[in-house]
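Fold and geometry: a report
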Amino acid sequence: MQDSPVLFVSGMLLAGAVGYAFIIRDDLKFWAAGDRAALDEKKAGKGLSAIEQTKPEGVEHDEMKSKAFAAVQEPKKDQIAGKDVEEKKTSQTSNAGENQPGMTSEGKNPTVEDYQKLYNRIAESFDKNPDFDDGSYAPTCLRLAWHSSGTYDVKDKKGGSNGATMRFPEEAQYPANAGLNNARDFLNPFKKEFPWISYADLWTLGGVCAIQEMGGPVVPWRPGRVDLPEDETHANNLPDGTEDADRVRSLADRLGFNAQEMTALIGAHAMGRCHRQNSGYDGPWTHSPTSFTNAYYTELLEEKWKPRDWDGPFQYQDPGKELMMLPADYALNQDTDLREIVKRYADDDDAWREDFSKAFKKLVELGVPEDNFNKAAKAVGVDGPISFKSLADQENESRAD
Ligand code: HEM
């Protein structure tokens, strides 16, 4: 050693550098993920919730970023004291305690007013790009809420809206999820603006906001969903449009819905459209694709649907060649019992609105441990779900004042 002082000094410097890198390795992970906010929160000692609920925007399009985010998730697994990762995998309730909504920038739990503020920001932005589809992001956000919840399986109680695993490439790339990057990308800036919300809560809140802003009923909504790592991704079990009545019924069974609830939910096809580049199908179901109306049921019953003559997948078309129905939609019309429900909703818009609201609330709560909802409610200071006010209702109220 004495013979080579240069070597000795270099060795010391190298050891020091390795030691320092080890100490700041978590910070480096956050830096690699481009996530200053999570790093700042972590430094401020705000713990896991802020870390695991924060992820760089547009991660699903960028494998590099996704890997960096996976790295961010690692410390969380290490910190599940006394539990191995396998145990956590089988019990989503075990992590409920550490997954309260994150803190606001003032270091407080978000209040109902904070959630309403977030609702308003989303609502004001739906129509920001007149060139997107029919001029609104609301239908695609409604579909994101449905697809993030619709993986649920009542038999093993896996899947559902807890987790937001569509953040990761595997689930994002399920054929049924094609095009939902539009909804995720639309909502990502709100995650930046309101970093205390989990993606899983944001996506379902976005769906509720879409319904209400398109003129639909109030859907009482509860916070408490958490973002889970990629290995919680559920196998693809989402419907593709080719379903007949039996398969629509078994979809309802898997989700834990009855035929009436399922038929009420599919009425959401009054809004939005099919896109060739996503599903292969093409066209809207109704003439008012950005309004919450029971036109889906009236069109289904009253139009003279014919198979479309084209090079795309089998679908139905109206004589005016403006509207479409999927085989799965048309199945509701062919099945005697389901057709009775369609008739009821075509005749009674109010009945549909009421049933839809209940079924959609149930849908976006699938797979979420009740404990998560209870703890989040306590943190927010409410003893029930939050009922958001639509922008229109707020305007009417302020006019009345
Ligand atoms: C049997 C059940 C269902 C089937 C087979 C089905 C199938 C489809 C298909 C193939 C599309 C077209 C996607 C595209 O090309 O972009 C679509 C769009 C849509 N679905 Fe469904 N769906 C079902 C149930 C539901 C439910 C339960 C909801 C909501 C509660 C829903 C809401 C929507 C909405 C809003 C769109 C339009 C999205 C947009 O405009 O981007 N669907 N659905």
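None of the values given here were measured: they were computed from a predicted structure.

1. Some points on the overall build of the protein chain
- In terms of regular secondary structure, the protein chain is built from 19 helices and 5 strands.
- Across the 401 residues that make up the protein chain, the buried fraction comes to 42%.
- Pairs at least 24 apart in sequence give 73% of the contacts found in the protein chain among residues at least 6 apart.

2. Overview of the environment of Asp 244
- For Asp 244, the position within the fold is in the loop between helix 11 (199–213) and helix 12 (245–255).
- Residue Asp 244 is classed as partly exposed on the basis of its 13 C-beta neighbours within 10 Å.
- Through-space distance from the C-alpha of Asp 244 to that of Leu 332 is 8.3 Å; in sequence the pair is 88 residues apart.
- With sequence-adjacent residues up to four places away left out, Asp 244 is seen in contact with Pro 327 and Ala 331.

3. Some details on the environment of Tyr 199
- Mapped onto the elements, Tyr 199 comes out in helix 11.
- The exposure class assigned to Tyr 199 is buried, which follows from the 25 C-beta atoms found within 10 Å.
- Note: C-alpha distance between Tyr 199 and Ala 164 (35 residues apart in sequence) is 6.0 Å.
- Discounting chain neighbours no more than four positions away, the residues touching Tyr 199 are Ala 164, Arg 167, Lys 191 and Asp 227.

4. As for the site of the ligand
- Around the ligand, a shell composed of 26 residues is seen, among which Pro 239, Ala 268, Gly 272, Asn 278 and Ser 279 lie nearest.
- Elements with a contribution of two residues or more to the shell around the ligand: helix 8 (138–149), helix 12, helix 13 (259–266) and strand 1 (273–274).
- The element best represented in the shell around the ligand is helix 8, accounting for 5 residues.
- In terms of residue class, the shell around the ligand is built from 14 nonpolar, 8 polar and 4 charged.

5. Things to note about the sheet that holds strand 3 (residues 306–307)
- Strand order in the open sheet formed by 3 strands is 3-4-5, with antiparallel pairing between adjacent strands. Of all strands in the sheet, those bounded by a partner on one side alone are strand 3 and strand 5 (324–325).
- Pairing of strand 4 (residues 316–317) with strand 5, which is carried by 2 bridges, proceeds in the antiparallel orientation. Pairing of Tyr 316 across the sheet is with Met 325, part of strand 5.

6. Observations concerning unusual backbone geometry
- A positive phi angle, near 45 degrees, is found at Asp 133, a position not held by glycine.
- Among the structural elements, Asp 133 can be located in the loop between helix 7 (112–125) and helix 8.
- Note on Asp 133: 19 C-beta atoms within 10 Å, which makes it partly exposed.
- Of note, Lys 321 is a non-glycine position whose phi angle comes to about 60 degrees, a positive value.
- Note that Lys 321 resides in the loop between strand 4 and strand 5.
- Using a count of 11 C-beta atoms within 10 Å as the deciding quantity, one classes Lys 321 as exposed.

7. Here we look at the packing of helix 12 against helix 13
- Across the interface, helix 12 lies against helix 13 with an axial gap of 9 Å and an inter-helix angle of 105 degrees. Taken together, the axis directions place helix 12 and helix 13 in an arrangement best described as roughly perpendicular. Residues Val 248, Arg 249, Leu 251 and Ala 252 of helix 12 pack against Ala 259, Glu 261 and Met 262 of helix 13.
- Partitioned by chemical class, the residues of the contact of helix 12 with helix 13 number 5 nonpolar, no polar and 2 charged.

What counts and what doesn't
Residues numbered from 1 in each chain as written. Predicted model: local features only at pLDDT ≥ 70, side-chain atom pairs only at ≥ 80, totals over all residues. Helix = DSSP H or I, 4+ residues; strand = E, 2+ residues; numbered from the N terminus. Buried ≥ 20, exposed ≤ 12 C-beta atoms within 10 Å, placed from the backbone. Contact = placed C-beta atoms within 7 Å. Near = placed C-beta within 6 Å. Nonpolar A, V, L, I, M, F, W, Y, C, P; charged D, E, K, R; others polar. Pairing = 2+ DSSP bridges. Axes fitted to C-alpha atoms, helices over the stretch in contact; angles between N-to-C directions. Parallel < 35°, antiparallel > 145°, perpendicular 65-115°, else oblique.

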